[in-house]
Amino acid sequence: MADTVTNTTLFQTKKRLVVKSVFTIDGTEAADLVLVDRSTLTGLDGTEPGRLVVEAIEWDISGCQLMLEFEHTSDDHILTISSGQGYIDFTQGGKYHGFIDPNSAGGTGDIVATTLTTDAGDTANVVLYIRKKD
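Residues numbered from 1 in each chain as written. Predicted model: local features only at pLDDT ≥ 70, side-chain atom pairs only at ≥ 80, totals over all residues. Heavy atoms only, no water.

Colleague: Hey, could you go over the side chain of aspartate 101 for me, with residue numbers and the actual values?
Modeller: With respect to the helices and strands, aspartate 101 occurs in the loop between β8 (99-100) and β9 (111-116). One buried charged residue, aspartate 101, remains without a salt bridge, the closest side chain of opposite sign being arginine 38 at 4.5 Å. Not counting residues up to four positions away in its chain, the partners in contact with aspartate 101 are Arg51, Leu52, Phe70, His72, Asp76 and Gly109. (Helix = DSSP H or I, 4+ residues; strand = E, 2+ residues; numbered from the N terminus. Buried < 20%, exposed > 50% of the residue type's maximum accessible area, 1.4 Å probe, protein only. Lys, Arg positive; Asp, Glu negative; His and termini not counted. Salt bridge = Lys/Arg side-chain N within 4 Å of Asp/Glu carboxyl O. Contact = heavy atoms within 4.5 Å.)

Colleague: Outline the side chain of aspartate 3, listing residues and values.
Modeller: For aspartate 3, the position within the fold is in the segment before β1 (4-12). Buried charge aspartate 3 goes without a salt bridge, the closest partner of opposite sign being lysine 20 at 18 Å. A polar contact is formed between the side chain of aspartate 3 and the backbone nitrogen of glycine 27, at a distance of 3.3 Å. Every residue in contact with aspartate 3, bar those within four places of it in the chain, is listed here: Thr24, Ile25, Asp26, Gly27, Thr28, Glu29, Ala30, Leu33, Thr115 and Thr118. (Polar contact = N/O pair within 3.5 Å; in protein donor to acceptor, adjacent residues only side chain to side chain.)

Colleague: Residues and numbers for the sheet that holds strand β3 (residues 33-36), please.
Modeller: Reading across from one edge, β3-β9-β5-β6 is the order of the four strands in this open sheet, with antiparallel pairing throughout. Looking at which strands have only one partner, the edges of the open sheet turn out to be β3 and β6 (76-81). Going across the sheet, the axis of each strand differs from the next one's by a mean of 30 degrees, ignoring polarity. By the bridge criterion, three bridges tie β3 to β9 in an arrangement that is antiparallel. (Pairing = 2+ DSSP bridges. Axes fitted to C-alpha atoms, helices over the stretch in contact; angles between N-to-C directions.)

What follows is the structure in structure tokens.
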């Protein structure tokens, strides 16, 4: 078996999305666990958003690390988070646009996670605050 993730949508409008991801860690590291599947979303114009923007990330992790990325042929790194609790606001209170998917070649533009340095019994919870960009 491998580490797995369960995603729950906490809030969604045509422009915004908040997703909570709870990881089940068995000590077998896993790559490209999908946290946000862009193809399942509908943006302002009623179609799939062209890109996703990470506005903020909140986490509570015990014992492991997570690497978050936009999924492309060569994944685009968002953030690597380690054991502990934290919150990062990529908009700095609305001053900046957030962490925008660079829309690199290939792939889906989904937000994915890779579990790193895991041991059975580790825990990880992540909340992503997303803006849909057409």
